[in-house]
Amino acid sequence: MASPPPGQQTEQPHLVSLVLQSKKALKHGQQLCSKANSLSNASAQCSLDVLTLDAKVKWITEAVLEQLKLAANVARSIEHKRAQLGKQVKAWDVVRSQRTEALDNILESLGAQLVPPGFHQSSSGSSLFGSQHSIDGKNDNAIFNAQQSPSATVRDNPFDRHGKNADRTKWKTLRDFVDDSAIENVLDALESDRTRLDDIMASTYDYPETLSAAISSIRDSLPSSSNVPSIEDILNAQQQPSELMARHLSSLTSHYEQMADALKESEAGEIFGEEDLQDMNRDTEELPSIMAELEEQALSIEDTHQQLVAAKTAAQERLTAQSITLDNLDELGEIMSDMLQKQQDVENECQELLDGLQERLLIVEDLHHRFIQYQTSFKKLLVEIGRRRQYKEAVEKFIEGIVLELRSMTEEERQAREIFNAEHGRHIPEDICLCIENPPTRWEVVPREGDVRENLPEVESDLLEQVSDGDTYAYDHH
């Protein structure tokens, strides 16, 4: 460098201004780089925190999902148990329908079976149906009334006979001798227990749906994996601005050092030429653009850091939210425990009721069989009465024949004795064989002492034809 002309001395203070601008730019650049470096370090720690929190969230989510699978199994188990119980009830309903229909049919059949009026006269005698067992086994006449049983016979009073032209619309039927109130009591008790069974089963009706809704609610509250941004992408996004800022800071440092050295040289008496000063001015004029780029890169690093902070905050919120989810899961566990216990109690109670209902069906079935026997025995009774009437008529006819024959024999004997006495009686002393004057003994055939003549109710032939079904009731006398 050459010594400047005297007029050039006025340019030196401008060099001080350039140095100050370079120093200010360097200091500001150092601050921006320091802040960016701190943010980068904080971002690294924040990234670690995000990954840690996300790992916890995922671990809890997986654990919750496993528990929800168990809860879903419990819901399916309850639903399966309810379905099995429902099948038992439906099977019982089928049997009940069959047996009650059979009972209705036999009762309808009893209602079509006419009972001749002579069959239900008052009597103190025994009855085929007078000792029937009642429904509960405590009252023997709960179903069949012995005092009005169609099988009751009158021994002491004669029966009114009814011809075929009698008005049968006023006749009683076998159904009239059945205690309908006792049957209604059985069916009402059956229906009452069946309704109670429905009420008990309904108490757990919504359990599977309630559990499924709770499971879905908890599952929907779990965070998705897509909520966590890519940490690697964020850190990589910070790398390029950091490198660029480092290069700019290095340039600022070199520029400041050059300007400081130039100032020292100028103070030592060195005079810079016009070209050197232009270079220094040009370099200094580039400082604002460099600083703008530094600030832009610093903002970029800050933005990525804020993304990590936001991700950490979101992860923390998800973790906090999962504490509520865990509380809900604990509550669901308690609810499931109560539901399982309640369902077991319902099954036990329903099974006990079903056992009782089965016993009641046995009563209905027993009634059905007893009424079949009742109807069958009454038909046999009609046949028996017909057979006895034929026996009675045959015996009466036989006795009538004997009486007529005895009367004829007695008359012949009387005439023979009169002829003998007329021819020989006057020649025989009166004190010899006094009995020779006696008339023959007259005989009368009567029932055995203590017995009365049997009276039977009238059974018309068309009724006997309806019930005989091949049974013979004819009495053959030999």
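Before any of the text, the structure's been laid out above.
Chains are numbered independently. Their residues run from 1 in the order of the written sequence. Where totals are concerned, whole chains, interfaces and linings use all residues; where local detail is concerned, this predicted model gives features only for residues with pLDDT of at least 70, and gives and counts side-chain atom pairs only at 80 or more. Excluded from the side-chain calculation are hydrogens and water; included are all heavy atoms of the structure.

Undergrad: Can you walk me through the overall build of the protein chain in this structure?
TA: Summing up its helical and strand segments, the protein chain has seven helices and two strands in all. Only runs of H or I of at least four residues qualify as helices and only runs of E of at least two qualify as strands under DSSP, and these elements are numbered from the N terminus. Mapped from its N terminus to its C terminus, the protein chain presents α and β elements in the order α-β-β-α-α-α-α-α-α. Accessible area is worked out with a 1.4 Å probe on protein chains only. A residue is then buried under 20% of its type maximum, exposed over 50%, and partly exposed in between. Across the 478 residues of the protein chain, 33% fall into the buried class. Only heavy atoms matter for contacts: two residues are in contact if any of them lie within 4.5 Å across the pair. Expressed as a percentage of contacts within the protein chain between residues at least 6 apart in sequence, the contacts between residues at least 24 apart total 93%. Element-wise, carbon and sulfur atoms account for 49% of the exposed surface of the protein chain, whose accessible area totals about 29500 Å². Only the protein chains shown count as cover for residues, and the accessible areas themselves come from Shrake-Rupley with a 1.4 Å probe.

Undergrad: I'm lost on the nonpolar core in this one. Help?
TA: Soluble globular proteins tend to pack their nonpolar side chains together in the buried interior. We call a set of buried residues a nonpolar core when its members are Ala, Val, Leu, Ile, Met, Phe, Trp, Tyr or Cys and they connect through side-chain atoms within 4.5 Å of each other. Counting residues in each nonpolar core, the largest one holds 39 residues, and the members touching the most others are Leu-103, Phe-119, Leu-197 and Phe-371. Listed by contribution, the elements that provide at least two residues to this core are helix H1 (12-112), helix H2 (180-202), helix H6 (287-424) and helix H7 (461-468). When residues in this core are grouped by element, the largest group, 15 residues, is from H6. Once you skip the residues sitting within four places of it in the chain, Leu-103 turns out to touch Ile-183, Val-364, Leu-367, His-368 and Phe-371. Of all hydrophobic cores here, the second largest spans 21 residues; its members include Val-57, Leu-332, Met-336 and Met-339.

Undergrad: How do you make sense of the side chain of Gln-375 when you look at a structure like this?
TA: If you trace the backbone, Gln-375 turns up in helix H6. Using a relative accessible area of 9% as the deciding quantity, one classes Gln-375 as buried. When residues no more than four places from it in sequence are discounted, the contact partners of Gln-375 are Ile-106, Ser-109, Leu-110 and Leu-174.

Undergrad: Explain the environment of Leu-18 here, please?
TA: Looking at the element boundaries, Leu-18 is found in helix H1. When the C-alpha positions of Leu-18 and Ala-260 are compared, they lie 9.2 Å apart, and in sequence the two are 242 residues distant.

Undergrad: Can you walk me through the pattern of salt bridges in this structure?
TA: Where charged atoms of side chains with opposite charge meet at close range, the side chains can pair. Basic side-chain nitrogens of Lys or Arg form a salt bridge, by our definition, when they fall within 4 Å of a carboxyl oxygen of Asp or Glu. A full pass over the atoms with the stated rule returns 20 salt bridges. The salt bridge partner of Glu-365 is Arg-99, with a shortest N-O separation of 3.6 Å. Placement of Glu-365 in helix H6 and of Arg-99 in helix H1 is noted, with a sequence separation of 266 residues between them. Glu-349 is the partner of Arg-196 in a salt bridge, and the nearest nitrogen-oxygen pair spans 3.4 Å. In this pair, Arg-196 is assigned in helix H2 and Glu-349 in helix H6, connecting sequence segments 153 residues apart. Given the relative accessible area of 42%, Arg-196 is considered partly exposed. The partly exposed category is assigned to Glu-349, whose relative accessible area is 31%.

Undergrad: Whenever I open this one, unusual backbone geometry confuses me. Can you help?
TA: For residues that are not glycine, phi is negative in most cases, and the peptide bond is trans in most cases. Phi at Cys-433 is positive, roughly 50°, even though this residue is not glycine. Summarising the element assignment, Cys-433 is placed in the loop between H6 and H7. Accessibility expressed as a relative area gives 43% for Cys-433, which makes it partly exposed.

Undergrad: Explanation requested: the packing of helix H3 (residues 207-221) against H6 in the structure shown.
TA: Running from N to C, H3 and H6 point in directions that differ by 165°, and their axes come no closer than 11 Å. Here H3 is positioned roughly antiparallel relative to H6, judged by the angle of their axes. Two packed elements cross with a definite hand, and for H3 against H6 that hand is left-handed. Contacts between H3 and H6 involve Tyr-207, Thr-210, Leu-211, Ala-214, Ile-215, Ile-218 and Ser-221 from the former and Thr-325, Asn-328, Leu-329, Leu-332, Met-336, Met-339 and Lys-342 from the latter. Under the scheme applied, nonpolar residues are Ala, Val, Leu, Ile, Met, Phe, Trp, Tyr, Cys and Pro; charged residues are Asp, Glu, Lys and Arg; polar residues are all the others, including Gly. Looking at the contact of H3 with H6 residue by residue, the class counts come to nine nonpolar, four polar and one charged. Helix axes use the C-alpha atoms of the stretch in contact, all axes being lines fitted to C-alpha atoms, and the angles between their N-to-C directions lie in the range 0 to 180 degrees. Reported orientations rely on four angle classes, namely roughly parallel under 35 degrees, roughly antiparallel over 145, roughly perpendicular from 65 to 115, and oblique for the rest. It is the rotation of the near helix from the far one that decides the hand of a crossing: anticlockwise by less than a right angle makes it left-handed, clockwise makes it right-handed.

Undergrad: What is the right way to read the environment of Met-336 from this model?
TA: Relative to the assigned elements, Met-336 resides in helix H6. Sequence separation between Met-336 and Tyr-207 is 129 residues, and the spatial gap between their C-alpha atoms is 9.0 Å. Dropping the residues within four chain positions of it, Met-336 is found in contact with Ala-71, Val-74 and Leu-211.

Undergrad: It is not clear to me how the packing of aromatic side chains should be interpreted in this structure. Could you clarify?
TA: How two aromatic rings sit relative to each other is set out by the distance from centre to centre and by the angle between their planes. A pair of Phe, Tyr and Trp rings is counted when the ring centres sit within 6.5 Å of each other, with Trp represented by its six-membered ring. The angle between the planes then sorts it: under 30 degrees is stacked, over 60 is edge-to-face, the rest tilted. Under the defined criterion, the tally for this structure stands at two aromatic pairs. With 6.0 Å between their ring centres and 65° between their planes, Phe-119 and Phe-378 make a pair best called edge-to-face. Taken together, the residues Phe-119 in the loop between strand S1 (114-115) and strand S2 (172-173) and Phe-378 in helix H6 connect sequence positions 259 residues apart. Phe-378 carries the same exposure label as Phe-119, and that label is buried. Ring geometry for Phe-371 and Tyr-374: centres 6.5 Å apart, planes at 55°, overall tilted. You can see Phe-371 and its partner Tyr-374 sitting in helix H6, three residues apart, about one turn around the helix. Phe-371 sits in the buried class, given a relative accessible area of 1%.

Undergrad: Explain the packing of H6 against H7 here, please?
TA: Packed helices, taken two at a time, are described by their axes: the angle between them and the distance between them. The N-to-C vectors of H6 and H7 enclose an angle of 130°; their axes lie 9 Å apart at closest approach. Here H6 is positioned oblique relative to H7, judged by the angle of their axes. For H6 against H7, the interelement crossing comes out left-handed. Note on element contacts: H7 touches H6 through Leu-464, Val-467 and Ser-468, opposite Lys-379, Leu-382, Val-383 and Gly-386. For the contact of H6 with H7, a count of residues per class yields four nonpolar, two polar and one charged.

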